[in-house]
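As a plain string of letters, each chain reads:
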Amino acid sequence: MLSYPTYFVGRVGNDAHGKLMIDALVGGGVVVDYVEEVGEVPTGHAVVMLQSGGQSSIIIVGGANMCGWGQSLGDGDLEVVKSAGIVLLQREIPDGINVQAAKAARSAGVPVILDAGGMDAPIPVELLRHVDILSPNESELARLTGMPTETFEQISLAVAECHKLGVKEVLVKLGGRGSVLFSEGKEPIKQGIIAAEKVLDTTGAGDTFTAAYAVAFVEGKSKAECLRFADAELGKFSASKLNEKSFMEDKSGPRLQLHEVHSGPNPISNSFKEEVPDTNLQTAP
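Residues numbered from 1 in each chain as written. Predicted model: local features only at pLDDT ≥ 70, side-chain atom pairs only at ≥ 80, totals over all residues. Heavy atoms only, no water.

A.B. asks: Kindly report on the nonpolar core, identifying the contributing residues and their values.
C.D. replies: V87, L89, L127, L134 and V172 are the most contacted members of the largest nonpolar core, which totals 37 residues. If one sorts the elements of this core by residue count, helix α4 (residues 95-107) sits on top with six residues. With 18 residues, the next largest nonpolar core counts A211, A212, C226 and A230 among its residues. (Core = buried A, V, L, I, M, F, W, Y, C linked by side-chain atoms within 4.5 Å. Buried < 20%, exposed > 50% of the residue type's maximum accessible area, 1.4 Å probe, protein only. Helix = DSSP H or I, 4+ residues; strand = E, 2+ residues; numbered from the N terminus.)

Structure representation (structure tokens):
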């Protein structure tokens, strides 16, 4: 693990999978004081379909983390966001909750990274305007902009559309080709893949990359160094057959508060049929 103080703000159901989730987070050193239990809906989960080459497709079932928030974040949730070193958001909770979290962070001068994974729907402009870094993979960038992303030139044009919507920096994950950071008005910074000897499982790879980038960012590393560190962690993660409950090498260094507002790794649930309306399909980077 990256061994940085991490606070998780989320919702779980009153069921065995919710307990499993909380135990996994606590076991990973995450503070779960802001995880609330919701009795009306089951814990969200993800069904991972792993291919022989290590790539994966994931069926996401939102459950409590999509349906259990009410209309607004509580005062405690907002305060932990405002006191963070950095906030990571992901689109497996309602967009309205993400908007509130991003606005709270912006008001306190806390940087916000939005991972584009999760909900397969347009991102509200209001959310994009309060995000410092948007982090999609190629397919997510294509869906968000309606533009092709097969070549670097096409990716650059799609990113330009994101800049027009108010996002200053776009961190694109390119799978086996590495990553690129696009900062508005500046030359892109490319990072080639730091390849593992053998890729066993890419499930959670994008989350690993984004979290590692965030840690390097708050340490004050240069943008190029942040990319190198994130890609290095990604390579180590993809070579491991461990699932998302155990991830990323231990890292010593100065402590910081890394606060997350996203669903995180979800165990597989037997209640899949009941939750089909909240399901979407995505391909991991």
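What follows picks up the thread again.
A.B. asks: With reference to specific residues and values, describe the packing of aromatic side chains.
C.D. replies: In total, this model carries two aromatic pairs according to the counting rule given. Here the aromatic rings of Y7 and Y34 are separated by 6.3 Å at their centres, their planes lie at 50°, and the arrangement is tilted. In this pair, Y7 is assigned in strand β1 (residues 6-13) and Y34 in strand β2 (residues 30-38), connecting sequence segments 27 residues apart. Since its relative accessible area comes to 24%, Y34 is described here as partly exposed. Seen from their ring centres, F152 and F182 are 5.8 Å apart, and the 25° between their planes marks the pair as stacked. Separated by 30 residues along the polypeptide, F152 in helix α7 (residues 152-164) and F182 in strand β9 (residues 179-183) bring together distant segments of the chain. You can call F182 buried: its relative accessible area is 6%. Above the ring of W69, the side-chain terminus of R11 is found at 4.0 Å from the ring centroid. Sitting over the face of the ring of F229, K221 holds its NZ or CZ atom 6.0 Å from the ring centroid. (Phe/Tyr/Trp six-rings, centres within 6.5 Å; stacked < 30°, edge-to-face > 60°. Lys NZ or Arg CZ within 6 Å of the ring centre and 35° of its normal.)

A.B. asks: Report on the environment of V32, specifying residues and quantitative values.
C.D. replies: Considering the arrangement of structural elements, one finds V32 in strand β2. Note: C-alpha distance between V32 and T6 (26 residues apart in sequence) is 8.9 Å.

A.B. asks: Residues and numbers for the pattern of salt bridges, please.
C.D. replies: For the structure on display, the rule yields 13 salt bridges. Across the salt bridge formed by R143 and D120, the nearest N and O atoms sit 3.1 Å from each other. In this pair, R143 sits in helix α6 (residues 138-145) while D120 sits in the loop between β6 (112-118) and α5 (125-128), placing the two residues 23 residues apart along the sequence. A relative accessible area of 39% places R143 in the partly exposed class. (Salt bridge = Lys/Arg side-chain N within 4 Å of Asp/Glu carboxyl O.)

A.B. asks: Go over the confidence of the model for the chain, please, and point to the residues and values.
C.D. replies: Averaged over every residue, the pLDDT of the chain is 80; residues scoring 70 or more account for 76%. Ranking the helices and strands of the chain by mean pLDDT puts strand β7 (residues 133-135) first, with 97, and strand β12 (residues 279-283) last, with 38. Confidence drops under a pLDDT of 50 for residues 241-285, and excluding neighbours within four residues, the segment shows 150 contacts in the predicted structure. (pLDDT = per-residue confidence, 0-100. Contact = heavy atoms within 4.5 Å.)

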